[in-house]
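Spelled out from the first residue to the last, the chains are:
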Amino acid sequence: MTFAPEGEPVEPGGPEDRLLPWDRVRDVTGLSRSTAWRLQQVGDFPEPVRISPNRVGWWESELTAWKATRTVRGLPHPKPLARPREPKLIQTTRSPRPQAARQSPVPAAPAVQETLKAAAPATRPRRRQRQTSADQIDFGF
């Protein structure tokens, strides 16, 4: 396959053209051998020319024409970094609760409160909790 940028005729094997070994092809293209082979399989890279039973080469003119057909893509503009989120304090039975959480969200009517107090069994004293800072994160182990 001949690669010609914008209709320029490329004649591989001309008087000024030369066959390049793989080491030079790698330097010119920057591709690994397996990537070049994959591109050859889909027809997107110049085919090698057999020089002898155990040697191949690539026409320099075909490689330069192939390079000219490659488009230069700029790097995408990076997104601005988001602010890291604040660590979430886990509320467990051992962690101290704020005063607002101890109160019921909807106050019951006074008659209902008296009924609840009378029906509630006597509670035993709570175990003493360890003192923890409000900024401390409790992992609940």
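What you see is a predicted model, and the numbers here were worked out from it, not measured in a lab.

**Digging into the overall build of the protein**
Counting its secondary structure elements, the protein contains five helices and three strands. Along the protein, helices and strands appear, N-terminal first, in the series β-α-α-β-β-α-α-α. Taking all 141 residues of the protein together, 16% fall into the buried category. Sequence separation of 24 or more characterises 60% of the internal contacts of the protein that already satisfy a separation of 6 or more. For the protein, the computed accessible surface area is about 12,700 Å², with 55% contributed by carbon and sulfur atoms.

**A closer look at the nonpolar core**
In this structure, Leu 20, Trp 22, Val 25, Leu 31, Ala 36, Leu 39, Phe 45, Trp 58, Leu 63 and Trp 66 together form the largest nonpolar core, which totals 10 residues. Among the elements of the structure, helix H1 (22–29), helix H2 (33–41) and helix H3 (60–69) are those that each provide at least two residues to this core. When sequence neighbours within four positions are dropped, the list of residues in contact with Leu 20 reads Val 25, Val 28, Gly 57, Trp 58, Glu 60 and Leu 63.

**Here we look at the packing of aromatic side chains**
Using the criterion set out here, one finds two aromatic pairs in the structure. Measuring from centroid to centroid gives 4.9 Å for Phe 45 and Trp 66, while their planes differ by 75°, and the two rings are edge-to-face. With Phe 45 in the loop between H2 and strand S2 (49–52) and Trp 66 in helix H3, the pair connects residues that are 21 residues apart, well separated along the chain. By the burial criterion, Phe 45 is buried, and Trp 66 matches it.

**Section: the pattern of salt bridges**
Counted under the stated rule, the structure contains three salt bridges. In this structure, Asp 23 engages Arg 26 in a salt bridge whose closest nitrogen and oxygen atoms are separated by 3.6 Å. With Asp 23 and Arg 26 both in helix H1, this residue pair falls three residues apart, about one helical turn. Of the residues examined, Asp 23 reaches a relative accessible area of 47% and is grouped as partly exposed. Judged by its relative accessible area of 38%, Arg 26 falls in the partly exposed class.

**Some words on the pairing of strand S3 (residues 55–59)**
As paired strands, strand S1 (residues 19–20) and S3 are joined by two bridges and run antiparallel to one another. Within S3, the residue paired with Leu 19 across the bridge is Trp 59. One ladder, built from three bridges, connects S2 with S3; its direction is antiparallel. Paired with Arg 50 across the strands is Val 56, a residue of S3. Linking two consecutive strands that pair antiparallel, namely S2 and S3, is a turn of two residues.

**Quick look at the sheet that holds S3**
Ordered by their spatial adjacency, three strands build an open sheet running S1-S3-S2, and the pairing between neighbours is antiparallel. The outermost strands of the open sheet, each flanked by one partner alone, are S1 and S2. In this fold H3 packs onto S1 and S3, with an angle of close to 50° to the strand it touches most, S3.

Conventions used here
Residues numbered from 1 in each chain as written. Predicted model: local features only at pLDDT ≥ 70, side-chain atom pairs only at ≥ 80, totals over all residues. Heavy atoms only, no water. Helix = DSSP H or I, 4+ residues; strand = E, 2+ residues; numbered from the N terminus. Buried < 20%, exposed > 50% of the residue type's maximum accessible area, 1.4 Å probe, protein only. Contact = heavy atoms within 4.5 Å. Areas by Shrake-Rupley, 256 points an atom, 1.4 Å probe, with all protein chains shown as cover. Core = buried A, V, L, I, M, F, W, Y, C linked by side-chain atoms within 4.5 Å. Phe/Tyr/Trp six-rings, centres within 6.5 Å; stacked < 30°, edge-to-face > 60°. Salt bridge = Lys/Arg side-chain N within 4 Å of Asp/Glu carboxyl O. Pairing = 2+ DSSP bridges. Axes fitted to C-alpha atoms, helices over the stretch in contact; angles between N-to-C directions.

The values are spatial; any link to function lies outside them.
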